[in-house]
Amino acid sequence: GQEQVTELGHWTPVHGVDRAPVALQTPQGPPGNARAAGLVQQMTDWGQGDAGMTPMELYEKLTAQGDKVRTLKTAKADKTEVDAAIQLLVKLKVDYKGVTGQDYKAGCPPAEGVPATDNGQSGNGAEEDTVDPWNVATNSAKGVDYDKLIVRFGSSKVDQELVDRIEKVSGQKPHRFLRRGIFFSHRDMHQVLDAYEKQKSFYLYTGRGPSSQAMHVGHLIPFIFTKWLQDVFDIPLVVQLTDDEKYLWKDLTLEDCHRFAVENAKDIIACGFDVNKTFIFSDLDYMGIHSNGQCRSLYASERYIFRELGILLNVTIINFLPQFIPEFYRNVVKIQKHVTFNQVKGIFGFSDSDCIGKISFPAIQAAPSFSNSFPQIFKGRKDVQCLIPCAIDQDPYFRMTRDVAPRIGYPKPALLHSTFFPALQGAQTKMSARKDTIEEHRQHGGNPDIDVSFMYLTFFMEDDEQLEKIRQDYTSGALLTGELKKLLIETLQPMITAHQENRKN
């Protein structure tokens, strides 16, 4: 219920930006809004007085703040006031978990005798993880604290109940990414399943910012999971290649950005998506469809991409594509009208020196969340819900989209959030330090929670029992670091070889 605009994400982190990273910011009220300013002050002051509070006192504060948020929403209070109250609620939840070590649950007070903890990660002096569109970093060797991110972003945890329900509704064993908590957070997934059980379908939307010719194995994580979702639910998929965004943010030519989009499309298609139900498009092409032939048409673009790959497009889809598709851009304009410049600056951290293309781009990435942006697929329907599998750093961007959706008459997109792939997140997750001798390793064992080789295996090894045995053996010292790396190589090599063959063919 926390549909507030706090920051903006992209499909992939943008590096080389000549300004400080955007952090989650407390929303500031407009000048003269003393009431909202007072709420903001409450938030900044809160951490100064909670150090000596008992778990029960924190619980009572949380309960009272939750009631206040509901009262404000029911009374349709000013949005700035509601947002400030929500931010305070989120901060209280973080503090509560820092003190009790447990997530806050309404109606479930902390057990008597629960000691207040001092883990150095709560209160006003806490060093929180940095998670924004440009940087992902943490001071913890175990990586980002995803439980805290759930509280911070106001999303819901993918718990065992939801995993079991996905299995029941789909009739398939849950993907290993669900079983192992790699996709760990969601928005409105139960709503998607409710509708699916009533024979109401949905569609998938994911994307890629093509900043280089080759995609890293970590870039394929959302596509691997999205393919599984498409297979088990038998639904359409749209994939946006944001070559326009990369041109605006990177020191690249327009031609290079489009060429990278074509090359990245090869890697995406090599994942094995259903070509009859998958629509991959570049913004530079799809936004340029026009009947007078002056702009490159989608028909020509898609035939080009798939001819390069040696893959035949579904003929009925090609024939159905009109020469002029204004719906996508019309949705872009609708979104632009409902997000103010001040909001975008607060979300995205734009400065006066940023080009106007950056300011207008967010609406382009939001538009695929609405089904009538693709009339060639959904025949003009605007009521088909969208499910977006993405990394958690993208969630703030789609909170903006969800905030706009009801105001322009569209359903809010649902989301499934993934953790970060270790080698790409820039956190302190790294290879476990070697012991000085094999004997020392045998005696003390390794730590799989901070060893990248084991982390990779959690992404790519299918057998749960085998993975657990490896964890136990490595922890006990029975399995050496070199042997663990060998197991990883044996797991990755067949997968990478198969992908390369698919891409080539």
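Everything numeric here is computed off the predicted structure, so don't read it as measured data.

Conventions we followed
- Residues numbered from 1 in each chain as written.
- Predicted model: local features only at pLDDT ≥ 70, side-chain atom pairs only at ≥ 80, totals over all residues.
- Heavy atoms only, no water.
- Patch = residues over 30% accessible without salt bridge, like charges linked within 9 Å, V, L, I, M, F, W, Y side chains within 5 Å.
- Areas by Shrake-Rupley, 256 points an atom, 1.4 Å probe, with all protein chains shown as cover.
- Salt bridge = Lys/Arg side-chain N within 4 Å of Asp/Glu carboxyl O.
- Helix = DSSP H or I, 4+ residues; strand = E, 2+ residues; numbered from the N terminus.
- Phe/Tyr/Trp six-rings, centres within 6.5 Å; stacked < 30°, edge-to-face > 60°.
- Buried < 20%, exposed > 50% of the residue type's maximum accessible area, 1.4 Å probe, protein only.
- Lys NZ or Arg CZ within 6 Å of the ring centre and 35° of its normal.
- Pairing = 2+ DSSP bridges.
- Contact = heavy atoms within 4.5 Å.
- Axes fitted to C-alpha atoms, helices over the stretch in contact; angles between N-to-C directions.
- Right-handed = clockwise from strand over helix to strand, strands pointing away.
- Parallel < 35°, antiparallel > 145°, perpendicular 65-115°, else oblique.
- Left-handed = near helix turned anticlockwise from the far one by under 90°.

## Focus: a nonpolar patch on the surface
Side chains of Tyr247, Leu254 and Leu284 sit close together on the surface and give an oily, nonpolar patch of about 240 Å² of accessible area. Within the secondary structure, Leu284 is located in helix H11 (residues 283–286).

## Remarks on the packing of aromatic side chains
A full pass over the atoms with the stated rule returns 32 aromatic pairs. Here the aromatic rings of Phe370 and Tyr410 are separated by 4.8 Å at their centres, their planes lie at 40°, and the arrangement is tilted. Taken together, the residues span a long stretch of sequence, with Phe370 in the loop between helix H16 (356–366) and helix H17 (375–378) and Tyr410 in the loop between helix H18 (395–404) and strand E9 (414–418) at a distance of 40 residues. In this pair, the class of Phe370 matches that of Tyr410, namely buried. Among the aromatic residues, ring-to-ring pairing joins Phe177, Phe183, Phe225, Trp228, Phe421, Tyr456, Phe459 and Phe460 into one connected group. Geometry around Phe153 places Arg399 over its ring, the cationic atom sitting 5.0 Å from the centre.

## Remarks on the sheet that holds strand E8 (residues 385–391)
Overall, mixed pairing links the 7 strands, which are arranged E3-E4-E9-E8-E5-E6-E7 in an open sheet. The sheet is open, and its two borders are formed by strand E3 (156–157) and strand E7 (278–282), each paired with just one other strand. For strand E6 (residues 237–241) and E7, the ladder comprises 5 bridges, and the chain directions are parallel. Across the sheet, residue Leu237 finds its bridge partner in E7, namely Thr278. The strands that helix H8 (residues 221–233) touches are strand E4 (183–187), strand E5 (202–208), E6, E7, E8 and E9; relative to E5, the one it contacts most, it runs at about 165°. Helix H10 (residues 254–269) contacts E5, E6 and E7 of the sheet and is inclined by roughly 160° relative to E7.

## Remarks on the pairing of E6
Burial within E6 is extensive, with 5 of its 5 residues counted as buried. Neither face of E6 is exposed, since Leu237, Val239 and Leu241 on one face and Val238 and Gln240 on the opposite face are all buried. Since E5 and E6 lie parallel, the crossover through H8 that links them has a hand, and here it is right-handed.

## Some details on the pattern of salt bridges
Charged atoms that come close allow side chains of opposite charge to pair. Summed over the entire model, instances satisfying the criterion amount to 26 salt bridges. We note a salt bridge from Lys227 to Asp231, for which the minimum N-O separation is 2.5 Å. Of the two residues, Lys227 and Asp231 are both situated in helix H8; the distance of 4 residues between them amounts to about one turn of the helix. Classification of Lys227 as partly exposed rests on a relative accessible area of 22%. A salt bridge links Arg381 to Asp383; the nearest nitrogen and oxygen atoms lie 3.0 Å apart. For Arg381, a relative accessible area of 47% corresponds to the partly exposed category. Connected through shared salt-bridge partners, Arg176, Arg179, Arg180, Glu462 and Asp464 make up one network.

## A look at the packing of helix H3 (residues 79–100) against helix H4 (residues 146–153)
Two numbers describe a pair of packed helices, the interaxial angle and the distance between the axes. Remark: H3 packs on H4, axes separated minimally by 8 Å, with the N-to-C direction vectors making an angle of 155°. One finds that H3 runs roughly antiparallel with respect to H4. Viewed along their axes, H3 and H4 form a crossing whose handedness is right-handed. Two secondary-structure elements touch here, H3 through Val90, Lys93, Val94 and Lys97 and H4 through Asp147, Val151 and Arg152.

## Structural notes on H16
When you tally the buried positions in H16, you get 8 out of 11 residues, the bulk of the element. Along H16, the positions that sit buried rather than exposed are Gly357, Lys358, Phe361, Pro362, Ala363, Ile364, Gln365 and Ala366.

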